[in-house]
Amino acid sequence: SYLDDCEVCDSNSFNDNKYCMNYIKSNFDPLNKDFSNSIFTSTSVENANLKDAIFQNADLSNANLSNADLSGADLSNANLSDADLSGADLSGADLSGADLTDTNLSNTDLTDAKFQEANLKNTILNNSTMDGAALGSANIDIITTTLVSCPLSVAENYVCTGNSLSRIEQTE
């Protein structure tokens, strides 16, 4: 079964999408990839294949998703605060409205990712690839970070030159 070695709570059914897991096997690849409104706090799913998964409004705070394939995933309005997404593939992912406070996105592929209205306070973006990513209306609170490539658009008061995303200091 897909739930071997998993502890499931708040549900009588796998398809209910109202459950939490303390541990999911590496390379977990469920048939049903709609995890909207689910709770996965402190879950470890490193190296998991979650391509095109739906995590709308899900709670993934403190989760370990390092090196996971989340390409094309819908993480809109998800809570990813304090999560580890280092080395993950988030190309084409929708992170609109997501809370990425204190999230580790270092060495992550964010090509064509959408960050409209996302909260990137203290988010670690070092050495991430951001070709075509849209950060235009994101709430960013970082001073400077080094990227592999600059995003298509950046938030107000930020500039990306060379491969450095920096806050523009306001002069009064």
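Residues numbered from 1 in each chain as written. Predicted model: local features only at pLDDT ≥ 70, side-chain atom pairs only at ≥ 80, totals over all residues. Heavy atoms only, no water.

### Some words on the pairing of strand S7 (residues 164-167)
- Here four bridges tie strand S6 (residues 158-161) to S7, and the two strands are oriented antiparallel to one another. Of the residues in S7, the one forming a bridge with Thr161 is Ser164.
- If you look at the hairpin formed by S6 and S7, you'll find two residues sitting between the two strands, and Gly162 has a positive phi there, around 65 degrees. (Pairing = 2+ DSSP bridges. Helix = DSSP H or I, 4+ residues; strand = E, 2+ residues; numbered from the N terminus.)

### Thoughts on the side chain of Ser106
- Structurally, Ser106 is set in the loop between strand S2 (20-21) and strand S3 (119-121).
- Assessed through its relative accessible area of 13%, Ser106 is described here as buried.
- In terms of polar contacts, Ser106 uses its side chain to reach the side chain of Asn104, at 2.7 Å. (Buried < 20%, exposed > 50% of the residue type's maximum accessible area, 1.4 Å probe, protein only. Polar contact = N/O pair within 3.5 Å; in protein donor to acceptor, adjacent residues only side chain to side chain.)

### A short note on the packing of aromatic side chains
- Summed over all chains, the structure comprises three aromatic pairs.
- Seen from their ring centres, Phe35 and Phe40 are 5.6 Å apart, and the 80 degrees between their planes marks the pair as edge-to-face. A single burial state applies to Phe35 and to Phe40, both of which are buried.
- Here Phe40 and Phe55 contribute two aromatic rings whose centre-to-centre distance is 6.0 Å and whose plane-to-plane angle is 75 degrees, an arrangement assigned as edge-to-face. One end of the pair, Phe40, is in the loop between S2 and S3; the other, Phe55, is in the loop between S2 and S3, with 15 residues separating them in the sequence. Neither residue differs from the other here; Phe40 and Phe55 are each classed as buried.
- The structure contains a cluster of three or more aromatic residues connected by ring pairs, namely Phe35, Phe40 and Phe55. (Phe/Tyr/Trp six-rings, centres within 6.5 Å; stacked < 30°, edge-to-face > 60°.)

### Quick notes on the confidence of the model for the chain
- Per-residue confidence for the chain gives a mean pLDDT of 77, with 76% of residues at or over 70.
- In the model of the chain, strand S1 (residues 8-9) stands out as the element of lowest mean pLDDT, 39, in contrast to S3, which has the highest, 89.
- Low confidence marks residues 1-29, where pLDDT is under 50. Its contacts with residues over four positions away, or in another chain, come to 66 contacts. (pLDDT = per-residue confidence, 0-100. Contact = heavy atoms within 4.5 Å.)

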